[in-house]
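Spelled out, the chains give:
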Amino acid sequence: MALKAGIIGLPNVGKSTLFNAITKKNILAANYPFATIDPNVGVVVVPDKRLDTLNEMYQPERLIPTQYEFIDIAGLVKGASNGEGLGNKFLANIREVDAIVQVVRCFENKDIIHVEGGIDPTRDIEIVNCELMLSDLEIVENRLSKIEKKAVTTNDKEALFEVALLKKAKENLVNGFMLRLVDFDEKEQKLLKTYNLITNKPFIYLANVSEDDLLNDENDYVKAVRDIAGREKASVVLMCAKIESELCDLDDEEKEAFLKDLGIANSGLDQLIHVTYHMLGLKTFFTVGKDEVRAWTFKDGMKAPECAGIIHTDFEKGFIKAEVMSYDDLIECGSELKVKEAGKARLEGKEYVMQDGDICYFRFNVTK
């Protein structure tokens with residue numbers, strides 16, 4: 001399962017520069033609004049040093065990491081919901097994503113025009129979030145207009161439940177509340193997710209700062225972003241798009257040396273991926289062998305058959321057992337054989353809850 005994140009923000013906040021850097025693609029980045037009209041999609045690999053170690057141990061023909069897909073859309077502007085700029089129709093492009101990354105400009109540069117005339121992260125976030133709420137409101141109202149009369153006429157319980165949910169969502173959106181901050185019960189949330197409403201998705205605020213401010217939490221602009229994120233229980237990642245664009249041209253050793261000189265342990269992209277994984281409750285299991293070593297992403301709490309199904313649906317349908325050893329045990333023992341000799345290799349059944357770092361071989365049988 002490839003992780004998908006939608007990148008949003010006002011024009012000229014650094015979205016396209018960031019996208020260019022993290023995907024190493026030459027996407028148009030111009031100093032004027034609406035430079036990016038069609039959504040751009042780029043894929044990067046998820047960094048995991050454990051995969052590098054497994055690659056050294058098994059020397060496989062193929063090494064396949066998990067992926068992170070970015071969808072970059074046109075810069076929003078105030079009034080998009082009323083047709084200003086490009087309107088908000090293109091937001092449909094990010095309704096299928098797992099998380100929203102809102103890029104917020106937290107740096108001064110007189111050569112890069114700000115669409116609102118000056119730097120103010122609080123104002124920028126309010127503009128973008130307002131347009132997102134209005135976009136969701138349009139979907140909620142359209143759905144409500146289609147089913148409300150029929151639901152009342154037929155007195156169908158499920159239809160009436162949906163009407164009540166839509167009215168609850170509408171009321172909160174009209175009052176300026178992002179849906180992810182509203183208390184919905186499990187049944188409501190299950191139905192709500194089918195609408196793919198943007199304001200119901202997890203949010204990460206990406207503060208795009210200057211190189212000098214990358215290690216400076218005292219930046220007033222960053223403080224403003226953190227204050228908002230704190231109230232919304234959202235995550236914040238500091239990143240300098242300019243530095244990320246320089247990093248993409250370096251090999252691994254040069255990149256490590258460059259970051260060390262800056263006093264940074266991980267690049268902004270790596271931090272973004274790690275924050276997203278934690279926020280969404282994602283973990284990694286591995287399959288290994290001479291032909292292929294591969295990392296697979298799964299959600300915390302998934303059982304062995306479900307994880308087998310990530311590889312292939314037949315694996316889940318015909319699941320028998322999972323041969324499992326942990327990455328840590330493999331490294332400690334030095335080989336699969338020694339893991340088995342130490343009694344640390346396990347045979348797990350259908351109720352086994354997969355753990356981060358599990359190395360698995362799935363036994364299955366599908367009869368036609």
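This text gives an overview of the structure that appears in the document. Being a predicted model, the structure only gives us computed values, none of them experimental. (Residues numbered from 1 in each chain as written. Predicted model: local features only at pLDDT ≥ 70, side-chain atom pairs only at ≥ 80, totals over all residues. Heavy atoms only, no water.)

It is worth spelling out the nonpolar core at this point. One finds Tyr-68, Phe-70, Ile-94, Tyr-205 and Leu-272 to be the most contacted residues of the largest nonpolar core, which totals 73 residues. A per-element tally of this core places helix H3 (residues 121-154) first, with 10 residues. Phe-285, Phe-315, Tyr-352 and Met-354 belong to the second largest nonpolar core, which has 15 residues in total. (Core = buried A, V, L, I, M, F, W, Y, C linked by side-chain atoms within 4.5 Å. Buried < 20%, exposed > 50% of the residue type's maximum accessible area, 1.4 Å probe, protein only. Helix = DSSP H or I, 4+ residues; strand = E, 2+ residues; numbered from the N terminus.)

Now for the pairing of strand E5 (residues 99-105). For E5, the tally of buried residues reaches seven of seven residues, placing the bulk of the element in the interior. Note that strand E1 (residues 3-8) and E5 share four bridges and pair parallel. Bridge assignment links Ala-5 to a residue of E5, and that residue is Ala-99. In this structure, E5 lies alongside strand E6 (residues 203-208), joined through six bridges in parallel fashion. Paired with Arg-105 across the bridge in E6 is Asn-208. (Pairing = 2+ DSSP bridges.)

With that settled, the discussion passes to the side chain of Asn-219. Among the secondary structure elements, Asn-219 is positioned in the loop between E6 and helix H6 (220-232). The class for Asn-219 is buried, based on a relative accessible area of 7%. Within the structure, Asn-219 has its side chain in polar contact with the backbone nitrogen of Tyr-221 (distance 2.6 Å). Sequence-distant contacts of Asn-219, defined by excluding residues within four places in its chain, comprise Cys-106 and Asp-213. (Polar contact = N/O pair within 3.5 Å; in protein donor to acceptor, adjacent residues only side chain to side chain. Contact = heavy atoms within 4.5 Å.)

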